[in-house]
Amino acid sequence: MSEPTTPSTPSGTTTTAGQGDLADPAARRALMAGVVQEPGAAKPEPILTVDRITRHFGGITAVDVEHLEVQRGLITALIGPNGAGKTTFFNLITGFDKPSSAGKGAHWSFNGAKLDKTSAPKVAKAGMVRTFQLTKALSRMTVMDNMMLGAKDQTGESLAKAMFRPLWHSQEGEVRAKAEELLARFKLLEKKDDYAGSLSGGQRKLLEMARALMTDPTMIMLDEPMAGVNPALTQSLLGHIQSLRDEGMTVLFVEHDMHVVQHISDWVVVMAEGRIVAEGPADTVMANPAVIDAYLGAHHDTDLGDDDLLSDEVVKELHHEADEEEAARRDAEKGKR
Ligand SMILES: Nc1ncnc2c1ncn2[C@@H]1O[C@H](COP(=O)(O)OP(=O)(O)OP(=O)(O)O)[C@@H](O)[C@H]1O
């Protein structure tokens, strides 16, 4: 696992290990060393605790989480094959959806506050903020307007209201300065007057992250932060996520790219068919038979190709098949000449 460089913070200072113990990888490992590597494991200092959350869609159980704790100050990845329930789980805990088990034992709390019956804006106010993909409406707004909206309305709702009578009106100067600082940090300041829709895939992801930071969250939740990002920007995005952690923020992210997960996660939680099936540091969790079963059983299109998830035997077999296909292709070509 490689460690971050030392990017600038919004205030222009430099992140150092002295700012918080958890900027030090050894301290992070030590913190989690005593945590049992099993679903629902207790954490030394959980910032988010979830109990008995289920969500059914017709006959489908999309989420069935008995207990989950997310450790404060670390980067936790939530992984799992397609349809495992990751997005639905994000929606539930951020107040965008209601558990089927609401009123029947579902509880979750964040940073000491109960969130069971809390609406999405209140969840954001409590300090748990998620990124949003650029919707069509947001794409037609400038980068700066997106940032200003981030200060006001983390739900992405009430767009028209926000644009006609911004609640941040009285502090507009302050909010604008903050937006510019964040845009500078994410190297988007030059684009501030461009339409958000004109940004590259990677720049959009940076904007989504910058927008979420407008409310100074305690925990940021990223849904596939690397999707659609070209390799040149991947490193920079990873560095940004790591520096948020090093400044003391908790990060919870959903990601399909296992290299990214291994590179930046301090802890990995694995979902399959709505349940948490494994937890642990990235290197051990990937070797967990329950995780390999979950991915193979789901006939997942991307991760089946990821060597990290497969046993040596299966990898050998796949390489052998690929070699045979290549030999057959060459023979066919020779035959044509
Ligand atoms: N609004 C909905 N109506 C009906 N079924 C839904 C709805 N949202 C999700 N589901 C179903 O719930 C299950 C979990 O879906 P979800 O999108 O949460 O999984 P995921 O782990 O985020 O998948 P992916 O990695 O592909 O995004 C799937 O079977 C999905 O088809």
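Structure's up top.
Criteria and thresholds
Residues numbered from 1 in each chain as written. Predicted model: local features only at pLDDT ≥ 70, side-chain atom pairs only at ≥ 80, totals over all residues. Heavy atoms only, no water. Helix = DSSP H or I, 4+ residues; strand = E, 2+ residues; numbered from the N terminus. Expected span 1.5 Å × (residues − 1). Buried < 20%, exposed > 50% of the residue type's maximum accessible area, 1.4 Å probe, protein only. Arc of directions from axis to C-beta. Near = heavy atom within 4 Å. Polar contact = N/O pair within 3.5 Å; in protein donor to acceptor, adjacent residues only side chain to side chain. Areas by Shrake-Rupley, 256 points an atom, 1.4 Å probe, with all protein chains shown as cover. Pairing = 2+ DSSP bridges. Right-handed = clockwise from strand over helix to strand, strands pointing away. Core = buried A, V, L, I, M, F, W, Y, C linked by side-chain atoms within 4.5 Å. Domains from an automatic or database assignment. Contact = heavy atoms within 4.5 Å.

## Thoughts on helix α7 (residues 172–185)
Next, step 1: Counted at 1.5 Å a residue, the expected span for α7 with its 14 residues is 20 Å, and the 20 Å between its end C-alpha atoms agrees.
Next, step 2: For α7, every residue scored as buried is listed here: Val175, Ala179, Leu182, Leu183 and Arg185. Buried residues in α7, looked at end-on, bunch into an arc of 155°, giving them a common side. Among the exposed residues of α7, those pointing more than 90 degrees away from its buried face are Gly173 and Glu174.
Next, step 3: Positive phi shows up at Lys187, right after α7, with a value of about 55°.

## Comments concerning the site of the ligand
Next, step 1: Around the ligand, the neighbouring residues are Phe57, Ile60, Ala62, Pro81, Asn82, Gly83, Ala84, Gly85, Lys86, Thr87, Thr88 and His256.
Next, step 2: The side chain of Thr87 places a nitrogen or oxygen atom 2.8 Å from an oxygen atom of the ligand.
Next, step 3: Contact between the ligand and Thr88: an oxygen atom at 2.5 Å from a side-chain N or O atom of the residue.
Next, step 4: Considered on its own, the ligand offers 630 Å² of accessible surface; in the complex 59% of this is hidden by protein.

## Notes on the environment of Lys187
Next, step 1: Looking at the secondary structure, you find Lys187 in the loop between α7 and α8 (201–212).
Next, step 2: Separated by 16 residues in the primary sequence, Lys187 and Gln203 have C-alpha atoms spaced 8.7 Å apart.

## A word on the environment of Ala227
Next, step 1: Mapped onto the secondary structure, Ala227 falls in the loop between β7 (219–223) and α9 (231–246).
Next, step 2: For the pair Ala227 and Asp257, spaced 30 residues apart in sequence, the C-alpha separation works out to 8.3 Å.

## Thoughts on the pairing of strand β8 (residues 250–254)
Next, step 1: β8 sits mainly inside the fold: five of its five residues count as buried.
Next, step 2: On β8, burial covers both faces: Thr250, Leu252 and Val254 on one face and Val251 and Phe253 on the other are all buried.
Next, step 3: Sheet topology places strand β3 (residues 75–79) next to β8; four bridges connect them, and they run parallel. Bridged to Ala77 within β8 is Phe253.
Next, step 4: Between the parallel elements β7 and β8, the chain passes through α9 in a crossover that is right-handed.

## Quick notes on the sheet that holds strand β5 (residues 113–114)
Next, step 1: As summarised here, the arrangement of the four strands in space is β2-β1-β4-β5, forming an open sheet in which the pairing is antiparallel. A single partner strand is all that each edge strand has here, and the edge strands are β2 (60–71) and β5.
Next, step 2: Relative to β5, strand β4 (residues 107–110) runs antiparallel, the two sharing two bridges. Bridging from a neighbouring strand, Ser109 pairs with Lys114 of β5.

## A short note on α8
Next, step 1: For α8, built from twelve residues, the straight-helix expectation of 16 Å at 1.5 Å per residue is met to within 8% by its first-to-last C-alpha distance of 17 Å.
Next, step 2: Of all twelve residues making up α8, ten are buried, and the element is well covered by its neighbours.
Next, step 3: Along α8, the residues classified as buried are Gly202, Gln203, Lys205, Leu206, Leu207, Glu208, Met209, Ala210, Arg211 and Ala212.

## Points about the nonpolar core
Next, step 1: Core analysis: the largest hydrophobic core is formed by 52 residues, its most contacted members being Ile79, Met147, Leu207 and Ile220.
Next, step 2: Per-domain counts for this core show at least three residues from each of domain 1 (1–127 + 217–305) and domain 2 (136–213).
Next, step 3: With residues near it in sequence (within four places) discarded, Ile220 still touches Val129, Thr131, Met209, Ala212, Leu213, Leu244, Met249, Thr250, Val251 and Leu252.
Next, step 4: Ranked by size, the runner-up nonpolar core spans 32 residues in total, among them Val50, Ala84, Val254 and Ile276.

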